[in-house]
Protein chains: 2
Amino acid sequence: MRLLVIGGVAAGLSAAARARRKDPSLEIVVLEKGAVVSYSACGLPYFIEGRVRQVDELVVYTPEYFRRERNITVRTGSRVAAIAHARREVALECGERVHYDRLVIATGARPCADGIVGVEQPHVFTLQTLEDGERLRRCLEEKRPRRAVVIGAGYIGLEAADALRRRGLAVTVLERGPWVLGRDDAGLTKTVTRLLELHGVELRLNARVSAIEPDRVAEARCDVVVLAAGLRPNAELAAEAGVQAGRTGAIQVDDRMETNLRGVFAAGDCAETCHLVTGRPAYIPLGTTANKMGRVAGANAAGARERFAGVVGTSIVRVFDAGIASTGLSAAEARREGFDPVSARIESAARAGYFGGRPTSVELVADRGTGRLLGGTVAGEQGADGRINVIAAALHARMNLEQFEQLDLAYSPPFAPVWDPLLIAAQQLIRLL
Amino acid sequence: MRLLVIGGVAAGLSAAARARRKDPSLEIVVLEKGAVVSYSACGLPYFIEGRVRQVDELVVYTPEYFRRERNITVRTGSRVAAIAHARREVALECGERVHYDRLVIATGARPCADGIVGVEQPHVFTLQTLEDGERLRRCLEEKRPRRAVVIGAGYIGLEAADALRRRGLAVTVLERGPWVLGRDDAGLTKTVTRLLELHGVELRLNARVSAIEPDRVAEARCDVVVLAAGLRPNAELAAEAGVQAGRTGAIQVDDRMETNLRGVFAAGDCAETCHLVTGRPAYIPLGTTANKMGRVAGANAAGARERFAGVVGTSIVRVFDAGIASTGLSAAEARREGFDPVSARIESAARAGYFGGRPTSVELVADRGTGRLLGGTVAGEQGADGRINVIAAALHARMNLEQFEQLDLAYSPPFAPVWDPLLIAAQQLIRLL
């Protein structure tokens, strides 16, 4: 019995490792198209910044580790050209065919070029693989560019802008939409815009880019460009084999991570997941979700029956000194989903003044009729991570505001004020219901 | 219609302020026995440490503020001698009688002397009122004591020990029980013991103190003593008026904060609350809970119908550089409550190594049969507050481990590892179910 996994980063290796734990006798083979596996792409901005010194600090495990410690065969440089599910085999680009009994597709995603002309130029970079990171950092060190344009104000774009600014470059971020971080949220966009401005980064919203010139993008002069206009799921290989994609364009899976083909699972950035607030499939490619999906896909591919319920859309990004965090739906998104949203935004100290408490802003969104909490954002230099996670847990539990308002949160002056900003925001919002 | 509130600190003033918001026409009178109202007793350890320079930095609002901004009469130095509920009046110690239509009892708690002989000596201190804090700091500054004994290893005792140690004193903590922080939790006790040791504070468990001598307590030499052996609810005044106390000794209230006497409410450190994990009344005097109870008591005293569901027993205390946080039940406590507890403790980095991630320990306790999460502890220098709050929210929601394990927590290297320590602990514990 052979489990074949296509893709050796987060989801693929989580699947392989979990399958091994469930079934010590399974043969497990992981095919990775690149030269390294198990790396933290999320760490690339900090390699660009220089905080991570060597790119190999971002590699968690080696193929050798998997062979030795987990009895898992990891083959790098093995790009799959086609999946022939009727014969239960994949064809590698080199011509070799590999049989499988169970298959996990974890082919990930790729930076979206978004129809932009000129992306192949040597001064244009993406931040997906370790090679991408090395190439950009080499350029920064050797060519000493002075002006950068970042295309896209999603989390990778903001992290790249932050990293380049810290290295002293003048940075302009061009975002095609009217908001940042892929969230239709005016308040959050304002917070991020101010924060970028404060640190000398220019953000232009509604800036549609059609071409990258050698010395400019749109009207922004630059000598280096980072393309971070979102991710597109690598779902083509699966589609050609008859694996169905959902409306998001990513691979459709059930809550066992199985596709429409029996014994074929998908996980990670190539697949959809369920958004637990809307109850609908969503495409939110993130490392944490990829790992969780991978675990469940691997367990089930090894014969277990586990499920992955879905996500609530939590994310956090550091923008200079602040954590910018969001989860669930913004008010505008909630309206589009058929809720009757009402929201409140407060600003309050994150902890006692004599412990250097800094302002934290919290916005909560709830449904007017039911009081159900639908989403929230937290922005600030202290504790944005912990506070967004409390909102996320409340979304998982489908809490209403009355329950949320009474949460027994930890208090002590070094950590929080006696009324936590989360509870102040909830009190404020309850008045508007 | 007059609402009378006995007690002008957390619960009493929350009640008064909320009643005013609910009913602009109500006459509201607050009687406070002390000279100041609305102070943060929780800040006293940091005044002792010297971080808070002036004691009045711990005063949030003045009686004048309440009169001017809220139309609430706050009378300081007004100690109530008796409540005559049949006549709807209270008698002050000075002989004056004050009528009420509705009454909120927020008489707080007092340090428990625990039958110890010699607590009246001038080198013995408590840390409850601002005067207590001033008296101790004056002693430290003027007499320059070199050795301190702290009686009690609850949160006030640990905070006092920390503060005195930071001021250079040799500190011994004597705890009568076999554990710290009032939690029957061997793991937590070990963590705190090590932390204290590391910073030169000696902790002696099972150290029953019967008398304080002028130069020693038990065998520990000292020239200053802080008594922090727990709190006792000020429920006597209420009891004499026919207000029922619960088995904990604190005033019994329903979920509207009403006592057995109609129109008489109680809130804060003098009252019980419901422990949402056990479903039973508990006495857990804390500032946050006092404020929440006060709000609900005030709203209902003003004619609203609100409820306070209860607490899950969350607390956090800073011990030197670490946050020591707990919520819900320990395994030993869960067993006593009739659960079949199983627990797992892990240690893991709080964030990426290149962001200075430090070890965080997480213990989770769940019920074997149902998988229901029952409690947890988090200890570490980074994010213990945020992580304990996620566990607390999960306890409010009665989550089981499978739900908890899939929480969509925020990830980005500056804030967390890709597998949050909370989720690693949950994975570990699921294997033991």
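Model, not experiment: these values are computed from the prediction.

Student: How do you make sense of the interface of chain B and chain A when you look at a structure like this?
Tutor: How large an interface is tends to be reported as the accessible area lost when its parts come together. Tallying the contact residues gives 57 residues for chain B and 57 residues for chain A. Where chain B abuts chain A, roughly 4900 Å² becomes buried across the two surfaces, and 60% of that area is made up of carbon and sulfur atoms. Area buried by chain B at its contact with chain A is led by Y354(B), Q406(B) and D408(B), which between them contribute 16% of it. Across the chain B-chain A interface, the total number found is 2 salt bridges. A salt bridge links R295(B) to E405(A), with the shortest nitrogen-to-oxygen separation between them at 2.9 Å. Joining chain B to chain A, the criterion identifies 20 residue pairs in polar contact (both at pLDDT 80 or more). At the level of secondary structure, the elements contributing two or more residues to the side of chain B that touches chain A comprise α8 (287–301), β20 (315–319), α10 (384–396) and α12 (421–432) of chain B. No other element matches α10(B), which puts 8 residues into the side of chain B that touches chain A. Of the residues belonging to the side of chain B that touches chain A, the class tally is 29 nonpolar, 17 polar and 11 charged.

Student: How should the sheet that holds strand β1 (residues 2–6) of chain A be read in this particular structure?
Tutor: Backbone-to-backbone hydrogen bonds join strands into a sheet, with any given pair of strands oriented parallel or antiparallel. Residue and element names in this part refer to chain A. Taken together, the 5 strands give an open sheet; going across it, the order is β3-β2-β1-β7-β17, and neighbouring strands pair in parallel fashion. Looking at strand neighbours, the two that pair on one side only are β3 (73–75) and β17 (264–266), the edges of this open sheet. The mean inter-strand angle of the sheet, taken between neighbouring strand axes irrespective of direction, is 15°. The pairing of β1 with strand β7 (residues 102–105) spans 4 bridges and is classified as parallel. By the bridge assignment, L4 is partnered in β7 with L103. Here helix α1 (residues 10–22) sits on the sheet and contacts β1, β2 (27–31), β3 and β7; the angle it forms with β2, its principal contact strand, is near 175°.

Student: When you look at the relation of the copies chain B and chain A in this model, what are you seeing that I'm missing?
Tutor: Two copies of one chain are present, and they are related through a rotation about an axis combined with an axial shift. The two copies are related by a screw motion: chain B maps onto chain A through a turn of 180° and a shift of 0.0 Å along the axis, at an RMSD of 0.0 Å. Both copies of the chain, as the preceding transformation shows, are related through a two-fold rotation axis. Scanning chain B for the C-alpha nearest the rotation axis identifies G386(B), at a separation of 1.8 Å. Comparing interface residues between copies, 100% of those in chain B also sit at the interface in chain A, which points to an isologous, same-surface contact.

Student: When you look at helix α10 (residues 384–396) of chain A in this model, what are you seeing that I'm missing?
Tutor: Each full turn of the α-helix corresponds to 3.6 residues, which orients residues three or four apart in the same direction. With 13 residues, α10(A) should reach 18 Å at 1.5 Å per residue; the first-to-last C-alpha distance of 18 Å fits that figure. Two residues or fewer after α10(A) comes R398(A), characterised by a positive phi angle close to 55°.

Student: Sorry if this is basic, but what is going on with the sheet that holds strand β11 (residues 170–174) of chain B here?
Tutor: In space, the 5 strands of this open sheet follow the order β9-β15-β10-β11-β12 (chain B), with parallel pairing throughout. Of all the strands in the sheet, just β9 (124–125) and β12 (201–204) of chain B have a single pairing partner and so form its edges.

Student: Could you clarify how one ought to interpret the pairing of strand β21 (residues 322–328) of chain A in this entry?
Tutor: Side chains on a regular strand alternate between the two faces of the sheet. Residue and element names in this part refer to chain A. Here β21 lies mainly inside the structure; 7 of its 7 residues are buried. As paired elements, strand β20 (residues 315–319) and β21 share 5 bridges and run antiparallel to each other. Bridge assignment links S315 to a residue of β21, and that residue is S326. Here β20 folds back onto β21, and the loop between the two strands holds 2 residues, one of which, F320, carries a positive phi near 55°. Note: β21 against strand β24 (residues 373–380), 6 bridges, orientation antiparallel. Looking at the pairing, T327 lines up with G376 of β24.

Parameters and conventions
- Residues numbered from 1 in each chain as written.
- Chains lettered and ligands numbered in written order.
- Predicted model: local features only at pLDDT ≥ 70, side-chain atom pairs only at ≥ 80, totals over all residues.
- Heavy atoms only, no water.
- Contact = heavy atoms within 4.5 Å.
- Buried area = accessible area lost by both parts, 1.4 Å probe.
- Salt bridge = Lys/Arg side-chain N within 4 Å of Asp/Glu carboxyl O.
- Polar contact = N/O pair within 3.5 Å; in protein donor to acceptor, adjacent residues only side chain to side chain.
- Helix = DSSP H or I, 4+ residues; strand = E, 2+ residues; numbered from the N terminus.
- Nonpolar A, V, L, I, M, F, W, Y, C, P; charged D, E, K, R; others polar.
- Pairing = 2+ DSSP bridges.
- Axes fitted to C-alpha atoms, helices over the stretch in contact; angles between N-to-C directions.
- Least-squares fit on C-alpha atoms with pLDDT ≥ 70 in both.
- Expected span 1.5 Å × (residues − 1).
- Buried < 20%, exposed > 50% of the residue type's maximum accessible area, 1.4 Å probe, protein only.

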